[in-house]
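# A look at the structure
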Amino acid sequence: MDKLVIEGQHRLSGSVMVSGSKNAALAIMAAALLPESGTTTIKRVPDLRDVHTLSNLLRIVGAKVNFNDHTLTINSESVSHFEAPYELVKKMRASIYVLGPLLSRFGQATVSLPGGCAFGPRPVDLHIDAMKKLGASIEIQDGYIIAKAKQGRLTGATIHFKTTSVGATGNTLMAAVLANGVTKLFNAAIEPEIIALCDFLVKMGAKIKGIGTKHLEIEGVEKLHAIEFANIFDRIEASTLLAAAAITSGKITLTEVDPSELNTVLIKLKQAGCTIETHETSIHLTSPKKLKATNIDAKPYPNFPTDMQAQWIALMTQADGSSKIVDHVYLERFNHVPELNRLGAGIEVKKNVATLKGPTNLSGAKVMSTDLRASASLILAGLAAKGTTEVLRVYHLDRGYEKIEQKLRQLGAKIERVKYNEFE
Ligand code: EPZ
C-alpha cells in the first residue's frame, strides 16, 4: 500500500499542465459501446484507477480496449455480454454508466446495484426511473438491475428529473440516442462533463438539442459511428491545484485549461484574497499574505462543486476568520473532518454544515484517506502543516488524481510516495 509523506510549509510556484477529466472520460468510455463497428479513439484520458476499472468492465462485455499514453481506443463490434458484475461495480459506482448504452444498443443489460460509498447512500433510482420511462422493464434481483427493452428497442419519452443528477443525465442520454422517437429531458445536469458527453454523442451521429441547458431533446437514430475525440481537462484537479497554491501562499500557473469551467471556484478564490489572471487556456493565481474566511455552498453546476468541498475546508483552516461550508449535494460528505482535526483544524460539523475559525496552526501527523476528495484535502492540509504529514491509503487518491505528488513536486512541494505495510 502507498502513503504520501509531506514536509509542510513550502511555497508552491511554477507552472503545471492539468490532466484530462476523469468524470468526462468515464461517461464517454461507456458511450463508446454504442457504435456497431469501428474503433473510437479518445485523447487526453487520465491514467487513473477508475479509467482502468471501467476499461476492464468494457472488456468483460466484449469490447476491445487499449490505453497508451493517455489515448484510449475502444472497438465495440464484438460486444456480446451484457452484465456488469458486482466485483467491478462495487469498486466504482460509475460502472452503472454501461446500463444506458447496453440497453440502448442491445435492448438488455444486467448491472449490479452500486451500493453505498464513503459519504453516504448513493441511490440510482433516477437512473432506473428514466430507463422505465424509455420502455425498459426493470427487475431488481440478488442486488442486480435486470433491464430489458419491452419492444426490443427503447422508445422516446419525456423525463423530469426530480433531482439534478450528473450520472442519471448521462445514462439517460446514452439510452435515448438510439431509442425510437424523441426524448425530452427536464432538470438535466449541465456539468461540463455532460456537455462533453453530448458533444461526443453528436459527433458519433446522435441528434441532441439544448446542449448546455437543463432541457435536452434527443431524437433517436438508427446507428452511431466510431469517432476520434479529445477529452476536456479536469476542472476538479485544476481547482485542487489552485487551492494547493493558495494554502501555501504560492503563485502558480495552470495550462491547458478552460477558465470558464471553474468560474465559481475562481470567484471564491478571489473572495478569499487571491489574485487570479485568466487567459484562453491558462489560469494564474497569486496568493495573498493572508487568506480571508469565505463561505461556500456546494450545489450542482454552475455553482461551487461538491467535489471541491473537502479541499475548501482544508484551505479555510488557513484563512482569517470564521467560515461556513455547506454541502447541498452529499449531506454526509465530511469524512475528511475528523482527520483534518487530528492536524489541529478545530472544525465542527452539524448535519451538512461545517464551521471553523482560522487561521489555525496545523501540525503534521499520520492521517487516513477515506475517499477521493477527502484524500486531496488531507494533502492540502499537509502542505500547510508544520512538520511531516503522512497521508495513508492513497489508493483512494489514485482513483481521481494522476500522479498528483509529481505535479506538486514540480511546483516545489516536498512530497514523496512511500510503500508501507498497514499491518506492521
Ligand atoms: C457524479 O456522481 C460524479 N462522478 C461525482 O464525482 C460528483 O460528486 C457528482 O456527480 C456530483 O457532481 C462521476 O461523474 C463519475 P449525481 P453521480 O447523480 O453522478 C442524488 C468525484 O469525486 N441521486 O449528480 O453519482 C445523489 O445521492 C465523484 O469525482 C439520487 O438521489 O452524482 C446526490 O445527492 C464523487 N438518485 C445527487 O443526486 C439517483 O439515481 C447528485 O448526485 C442519482 C443521484
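Residues numbered from 1 in each chain as written. Predicted model: local features only at pLDDT ≥ 70, side-chain atom pairs only at ≥ 80, totals over all residues. Heavy atoms only, no water.

### Overview of the overall build of the protein
A count of helices and strands for the protein gives 14 helices and 25 strands. A compact globule built from 424 residues would reach a C-alpha radius of gyration of about 22 Å, and the protein, at 22 Å, matches this within 12%. Seen through its principal axes, the protein has C-alpha atoms that stretch 65 × 45 × 40 Å. Here the protein holds 424 residues, and the buried ones make up 58% of them. Long-range contacts, defined here as pairs at least 24 residues apart, represent 73% of the contacts in the protein between residues at least 6 apart. Only carbon and sulfur atoms are counted for the fraction: they give 49% of the accessible area of the protein, which is about 16,600 Å². Across the protein, the mean location of the 50 positive side-chain charges is 3 Å away from that of the 42 negative side-chain charges. (Helix = DSSP H or I, 4+ residues; strand = E, 2+ residues; numbered from the N terminus. Rg over C-alpha atoms; globule rule 2.2 N^0.38 Å. Buried < 20%, exposed > 50% of the residue type's maximum accessible area, 1.4 Å probe, protein only. Contact = heavy atoms within 4.5 Å. Areas by Shrake-Rupley, 256 points an atom, 1.4 Å probe, with all protein chains shown as cover. Lys, Arg positive; Asp, Glu negative; His and termini not counted. Charge placed at Lys NZ, Arg CZ, Asp CG, Glu CD.)

### A look at unusual backbone geometry
Of note, the amide linkage connecting tyrosine 301 to proline 302 takes the cis form, showing an omega dihedral of 10°. Mapping proline 302 onto the fold places it in the loop between strand E19 (296–298) and helix H10 (309–316). That bond from glycine 358 to proline 359 is cis: its omega, -5°, falls within 30 degrees of zero. The residue proline 359 is located in the loop between strand E22 (353–358) and strand E23 (366–368) in this model. One non-glycine residue, arginine 44, lies in the positive phi region at around 60°. Summarising the element assignment, arginine 44 is placed in the loop between strand E3 (39–43) and helix H2 (49–60). A relative accessible area of 23% means that arginine 44 is categorised as partly exposed. Backbone geometry places aspartate 142, a non-glycine residue, at a positive phi of 50°. Take aspartate 142: it is sitting in the loop between strand E8 (136–141) and strand E9 (144–149).

### Description of the nonpolar core
Leu173 and Leu201 are the most contacted members of the largest nonpolar core, which totals 80 residues. Looking at this core, the element that brings in the most residues is helix H1 (residues 22–31), giving eight residues. Leaving out residues up to four positions away in the same chain, leucine 173 has contacts with Leu185, Ile194, Leu197, Cys198, Leu201, Ile208, Leu216 and Ile218. Residues Val16, Leu242, Val367 and Leu383 belong to the second largest nonpolar core, which totals 67 residues. (Core = buried A, V, L, I, M, F, W, Y, C linked by side-chain atoms within 4.5 Å.)

### Comments concerning the sheet that holds strand E11 (residues 182–186)
Pairing is mixed in the open sheet, where four strands are placed in the order E10-E11-E13-E12. Edge positions in the sheet fall to strand E10 (158–160) and strand E12 (207–209), since each has one partner strand and no second. When the angles between neighbouring strand axes are averaged without regard to direction, this sheet yields 15°. Bridge analysis of E12 against strand E13 (residues 215–219) gives three bridges, and the strand direction is antiparallel. Along E13, the bridge assignment pairs lysine 209 with glutamate 217. (Pairing = 2+ DSSP bridges. Axes fitted to C-alpha atoms, helices over the stretch in contact; angles between N-to-C directions.)

### Observations regarding the packing of H10 against helix H12 (residues 372–384)
Following both chains from N to C, one finds H10 and H12 inclined at 20°, their axes separated by 7 Å at the closest point. When the axes of H10 and H12 are compared, the pair comes out roughly parallel. As for how H10 packs across H12, the hand of that crossing is right-handed. The segment H10 lies against H12, with Ala310, Gln311 and Ala314 engaging Arg373, Ala374, Ala376, Ser377, Leu380 and Ala381. (Parallel < 35°, antiparallel > 145°, perpendicular 65-115°, else oblique. Left-handed = near helix turned anticlockwise from the far one by under 90°.)

### Some thoughts on helix H9 (residues 263–271)
For H9, the full list of buried residues reads Val265, Leu266, Lys268 and Leu269. Around the axis of H9, the buried residues are gathered within 165° of arc, so they sit on the same side. Next to the buried residues of H9 lie helix H8 (235–247), strand E16 (275–279), strand E17 (282–286), E19 and H10. A positive backbone phi angle near 110° is found at glycine 273, which sits one or two residues after H9. (Arc of directions from axis to C-beta.)

### Looking at the packing of H1 against helix H7 (residues 192–203)
Where H1 meets H7, the closest approach of the two axes is 9 Å, and the angle between their N-to-C directions is 30°. Regarding the angle of H1 to H7, the classification is roughly parallel. Considering how the two elements wind past one another, H1 and H7 form a crossing that is right-handed. Taken together, the residues of H7 that come into contact with H1 (itself represented by Asn23, Ala24, Ala27, Ile28 and Ala31) are Glu193, Ala196, Leu197, Phe200 and Leu201. Here the contact of H1 with H7 is composed, by residue class, of eight nonpolar, one polar and one charged. (Nonpolar A, V, L, I, M, F, W, Y, C, P; charged D, E, K, R; others polar.)

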